[in-house]
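Residue-level listing of the chains:
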Amino acid sequence: MKDVQMEADLREIQIDRVGVSNVSYPIVVMSRQDKTQDTVASVSMSVLLPHQYRGTHMSRFIEALEDCCGRISPVTLEAVTKRLCDRLDAPEASIRFEFPYFIRRRAPVSGIESFMRYEANLEGIFSVGKFDMVTGVGVHVQTLCPCSRAISKYGAHNQRAFVAIKVRCTHFMWFEELIAMAEEAASSPLYTLLKREDEKHVTERAYENPRFVEDVVRDLAVALNREPRVSWYSVSITSAESIHNHDAFAEVTRDKGKPAPPDGERGQR
């Protein structure tokens, strides 16, 4: 049967990434609390398409995904991306999993338990014989404005904020470790189920620990700078402001193998 994708293309334009996205797929990931966790991921896969090829074979992405049998780890990510390079004659391949991740949490005073949802992602890239992996989490937290507390006779505005952390590691890190960093940097963690005594505790904790978005992102940068397993990181926080019709955000990206960029220069991935 004629292989149309492998026809020669005369435009001499390399395509940086071509593939499939938004593939819903059941997966099993490692869990610190329960050893493994079943969840459903949105999967994206791509390869670098050399200029001489007209197209890529989309079915082979799904075949490579099937080969891992839904069990996701650094080992399987490397195997799948390498297989994509081999099957599609590509110098570079990537795969990204985005999925909900659940942790059983106890309320701070009553101790009542409930599941708390976090957003997790894993991205593997195999390029020119080398494998690279980025681990990420998304964590909802509470922030209370230091300025509002300082200038108000009583109370202070507070809101839900979203912290996103991505890291490259020299050794394995659990999602739970990154989640804990995000929650510790905020005014207060969030919980799914709270009784009245828990609500009192969370409200008072936030009031006693006011945080700007700048405070949160800087404290996370300090924590990640101190973590020897992290070689590169990108952190951001977006606050859905409760008294403004806009969001506030802050972000920092650092490669720990390079000196910190001077003021006015952005960190680069």
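Bear in mind the structure is a predicted one, so any value in this text is a computation, not a measurement.

Caption draft 1: Spatial organisation of the overall build of the protein chain. Secondary structure summary: the protein chain contains 6 helices and 10 strands in total. In terms of overall dimensions, the protein chain has C-alpha extents of about 75 × 45 × 35 Å along its principal axes. Within the protein chain, the fraction of its 269 residues that count as buried is 44%. Across the protein chain, contacts joining residues at least 24 apart in sequence account for 64% of those joining residues at least 6 apart.

Caption draft 2: Spotlight on the environment of Ala164. You can see Ala164 is positioned in strand β7 (residues 158-169). Taking the C-alpha atoms as reference points, Ala164 and Ser234, separated by 70 residues in sequence, lie 8.1 Å from one another. Discounting chain neighbours no more than four positions away, the residues touching Ala164 are Val137, Gly138, Ser234, Val235 and Ser236.

Caption draft 3: Structural context of the nonpolar core. In terms of nonpolar packing, the biggest core is built from 63 residues, with Val43, Leu65, Leu84, Phe97, Phe99, Ile165 and Leu224 touching the most fellow members. Each residue touching Phe97, except ones within four places of it in the same chain, is listed here: Ile27, Ala41, Ser42, Val43, Leu65, Ile72, Leu77, Ala120, Asn121 and Leu122.

Caption draft 4: Helix α1 (residues 59-67), seen in detail. Here α1 has its buried residues at Phe61, Ala64 and Leu65. Down the axis of α1, the smallest arc covering the buried residues is 100 degrees, so these residues share one side. Buried positions along α1 lie against β1 (15-31), β2 (35-49), α2 (74-88) and β4 (92-106).

Caption draft 5: Molecular detail of the UniProt feature "site: May be catalytically important" (unreviewed entry) in the protein chain. The UniProt feature table records "site: May be catalytically important" (unreviewed entry) at Cys145. Residue position: Cys145 is located in the loop between β6 (130-144) and α3 (146-151). We classify Cys145 as buried; its relative accessible area is 13%. Leave out the neighbours within four places in its chain, and Cys145 touches Ala156, His157, Pro210 and Phe212.

Caption draft 6: Structural detail: α2. Its 15 residues give α2 an end-to-end C-alpha distance of 21 Å, which sits within 8% of 21 Å, the value for a rise of 1.5 Å per residue. Inspection of α2 places Thr76, Leu77, Val80, Thr81, Leu84, Cys85 and Leu88 among the buried residues, and these make up the whole buried set. Of the surrounding elements, those touching the buried residues of α2 are β2, α1, β3 (71-72), β4, β5 (113-127) and β6. The positive-phi residue at the C-terminal boundary of α2 is Asp89, with phi of around 50 degrees.

Caption draft 7: How the structure looks around the packing of aromatic side chains. Taken as a whole and assessed by the stated rule, the structure comprises 4 aromatic pairs. When the centroid spacing of 5.9 Å and the interplanar angle of 75 degrees are considered together, the rings of Phe99 and Phe175 count as edge-to-face. Placement of the pair is Phe99 in strand β4 and Phe175 in helix α4 (residues 175-185), with a sequence separation of 76 residues. Among the residues examined, Phe99 registers a relative accessible area of 2% and is labelled buried.

Caption draft 8: Molecular detail of unusual backbone geometry. The residue Lys35 is not glycine, and still its phi comes out positive at about 75 degrees. Looking at the secondary structure, you find Lys35 in strand β2. Unusually for a residue other than glycine, Val128 sits at a positive phi of about 50 degrees. With a relative accessible area of 69%, Val128 lands in the exposed category.

Cut-offs used in this document
- Residues numbered from 1 in each chain as written.
- Predicted model: local features only at pLDDT ≥ 70, side-chain atom pairs only at ≥ 80, totals over all residues.
- Heavy atoms only, no water.
- Helix = DSSP H or I, 4+ residues; strand = E, 2+ residues; numbered from the N terminus.
- Buried < 20%, exposed > 50% of the residue type's maximum accessible area, 1.4 Å probe, protein only.
- Contact = heavy atoms within 4.5 Å.
- Core = buried A, V, L, I, M, F, W, Y, C linked by side-chain atoms within 4.5 Å.
- Arc of directions from axis to C-beta.
- UniProt positions renumbered as here; feature names shortened; annotations may be inferred.
- Expected span 1.5 Å × (residues − 1).
- Phe/Tyr/Trp six-rings, centres within 6.5 Å; stacked < 30°, edge-to-face > 60°.

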